[in-house]
Amino acid sequence: MDSIRVTGGTPLHGEIPIAGAKNACLTLMPATLLTDSPLTLTNTPRLSDIRTMSVLLQSLGAEVTGLQDGRVLALSSHAITSQRADYDIVRKMRASILVLGPLLARWGRAEVSLPGGCAIGARPVDLHQMAMERLGAELELREGYLHASAPAGLRGAVIDFPIVSVGATENALMAATLARGTTEIRNAAREPEIVDLARCLRAMGARIGGEGTSTITVEGVDQLHGATHPVVTDRIELGTYMLAPVITGGEVECIGGRLDLIAAFAEKLDAAGVTVTETPTGLKVSHHSGRVRAVDVVTEPFPGFPTDLQAQMMALMCTAEGESVLEERIFENRFMHAPELMRMGARIDVHGGTARVTGVERLRGAPVMATDLRASVSLILAGLAAEGETLVSRVYHLDRGYERVEEKLRACGAQIERISGT
Ligand code: EPZ
């Protein structure tokens, strides 16, 4: 397992290119199952999760070809041979559940292994099940697999989600495109990745309205055709790299960054005393006035503060002036970065879903362990600011969601290198 060694204390200056969104790509790729025509995705990120989704789709008989060094994916489902998503693939990546809706919509059946929990929570799929049942499918859990069938096809319905779920909204949206009649998805997730999926599906011939609001309406059609679709910018990668010049001091332009994707996050940076400027090519973040002001954070569904940026914000708050309270309202166990940050001298008091952080003058480098994707990058950020050397182990978590993180940061002056493990 690889590790990453960071020697802190260097202000960062330069440019960081922001890639296409992992969480958009992971729902756009299964959309190929909705048509037998080719679907081409451009601006795709080169991440291990994308490779895992490719393997899953290929196990169903789909063709997935990486072009232009992985920046373009050509997908085709004209020769699907199976509707069974095996546990050995699904257990590696929860987003595998996103083949459920498309398989049901196009073939009337699906066998999808339950993903199982992950470090940040139990991650149930009951809302995915509820949505498919509302569309007329029958689902039964047998030996760890969801067996779904809709022999008479799916029919439009009102799907009223009791809580906001990104993945369940995506499954419902994809399935509804081929259902007979009209579907109304209420309390829908409003994330930019949902909007991006709707845009791609519409380019494929789907009839969708209201994406980005809490109510999405879909008029089912008989079939969809192919399309070419650019994956939206990754707002989580963007937010993460915006914090690098803040926690180290310096100035970095995030190429491709868009303020509308991270408005709630940018508001918190503004409150903390950080200058964010829109440029013709992205977002420039500069900070030269020492420690930021402590701010409080509550994670919420979009357009609220994103849970996927909570760990990174906590790393910044560890070096802030004052006390900040971070409340994690989306996942039940998403503070595993806290004990690792405390090894670096951070002062954090965790009780349930609330972490109280008292900023310190300087963190000190230490050996730490990545536990999940976003926790791992928060440790890198802390290492950039810390005195001395930080060694982050188990960085395979990092490679799931961040493309060449050490190269992008080194290009801005960071003292960071990857150490290949056994
Ligand atoms: C997506 O996960 C993202 N993953 C997550 O990013 C992100 O943290 C999350 O949305 C919230 O924004 C992808 O898009 C691949 P949810 P998802 O369904 O869809 C509960 C990352 O770091 N819930 O919106 O799984 C669930 O337990 C990852 O890139 C149910 O109870 O999230 C959670 O508490 C981590 N039943 C809440 O809803 C269900 O059937 C929100 O989950 C589904 C979810």
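Preceding this paragraph is the structure being described.
What comes next is a walk through the structure.

The rules we used
Residues numbered from 1 in each chain as written. Predicted model: local features only at pLDDT ≥ 70, side-chain atom pairs only at ≥ 80, totals over all residues. Heavy atoms only, no water. Helix = DSSP H or I, 4+ residues; strand = E, 2+ residues; numbered from the N terminus. Rg over C-alpha atoms; globule rule 2.2 N^0.38 Å. Buried < 20%, exposed > 50% of the residue type's maximum accessible area, 1.4 Å probe, protein only. Areas by Shrake-Rupley, 256 points an atom, 1.4 Å probe, with all protein chains shown as cover. Lys, Arg positive; Asp, Glu negative; His and termini not counted. Charge placed at Lys NZ, Arg CZ, Asp CG, Glu CD. Near = heavy atom within 4 Å. Polar contact = N/O pair within 3.5 Å; in protein donor to acceptor, adjacent residues only side chain to side chain. Nonpolar A, V, L, I, M, F, W, Y, C, P; charged D, E, K, R; others polar. Expected span 1.5 Å × (residues − 1). Contact = heavy atoms within 4.5 Å. Disulfide = S-S within 2.5 Å.

Moving on: the overall build of the protein. What the protein contains, in helices and strands, is 15 helices and 24 strands. Taken over C-alpha atoms, the radius of gyration comes to 21 Å for the protein, in line with the 22 Å a tight globule of 422 residues would show. Counting only C-alpha atoms and orienting by the principal axes, one finds that the protein spans roughly 65 × 45 × 40 Å. Counting over 422 residues, the protein shows a buried share of 57%. As presented, the protein carries roughly 15800 Å² of accessible surface, and 48% of it is formed by carbon and sulfur atoms. Side chains of the protein give 41 positive and 50 negative charges; the mean places of these two sets differ by 1 Å.

A word on the site of the ligand. Near the ligand you find 24 residues, and of these Asp126, Leu127, Ser165, Asp308 and Ile330 are the closest. Pro124 has a polar backbone atom sitting 3.3 Å from an oxygen atom of the ligand. Out of a free accessible area of 830 Å², the ligand has 85% covered by protein chains. Those elements that place two or more of their residues in the shell around the ligand are helix H1 (22-28), helix H5 (126-134), helix H6 (166-176) and helix H13 (373-385). By residue class, the composition of the shell around the ligand is twelve nonpolar, five polar and seven charged.

Let us now look at helix H7 (residues 192-203). Helix length check: H7 (twelve residues) gives 17 Å between terminal C-alpha atoms against 16 Å at 1.5 Å per residue, within 8%. In terms of burial, H7 is a largely internal element, nine of the twelve residues being buried. Positive phi appears at Gly205, one or two residues downstream of H7, with a value of about 105 degrees.

Looking now at the side chain of Thr390. You can see Thr390 is positioned in strand S23 (residues 389-393). When residues no more than four places from it in sequence are discounted, the contact partners of Thr390 are Ile4, Arg5, Val6, Met344, Gly365, Ala366, Val368 and Gly383.

Moving on, we get to helix H8 (residues 235-242). Across the eight residues that make up H8, a large majority, eight, are buried. Buried residues of H8: Arg235, Ile236, Glu237, Leu238, Gly239, Thr240, Tyr241 and Met242, and no others. For H8, the side-chain oxygen to backbone nitrogen distance between the N-cap and Ile236 is 2.9 Å, and the N-cap itself is Asp234.

Once that is clear, we can look at the state of the cysteines. Applying the stated criterion across every chain yields a total of zero disulfides. The thiol of Cys200 is unpaired, and the distance to the nearest cysteine sulfur, on Cys25, comes to 10 Å. According to the relative accessible area criterion, Cys200 is buried, its value standing at 0%.

So, on to the side chain of His337. You can see His337 is positioned in helix H12 (residues 337-343). A residue is classified by how much of its surface remains accessible, and His337, at 1% relative accessible area, is buried. If near-sequence neighbours (up to four positions away) are discounted, His337 is found in contact with Gln310, Ala311, Met314, Ala375, Ser378 and Leu379.

This brings us to the environment of Pro38. Take Pro38: it is sitting in the loop between H1 and strand S3 (39-42). Residue Pro38 is classed as exposed on the basis of its relative accessible area, which comes to 55%. For the pair formed by Pro38 and Gly226, sequence separation is 188 residues and the distance between their alpha carbons is 4.9 Å.

Everything listed here is a matter of geometry and, on its own, says nothing about what the molecule does.
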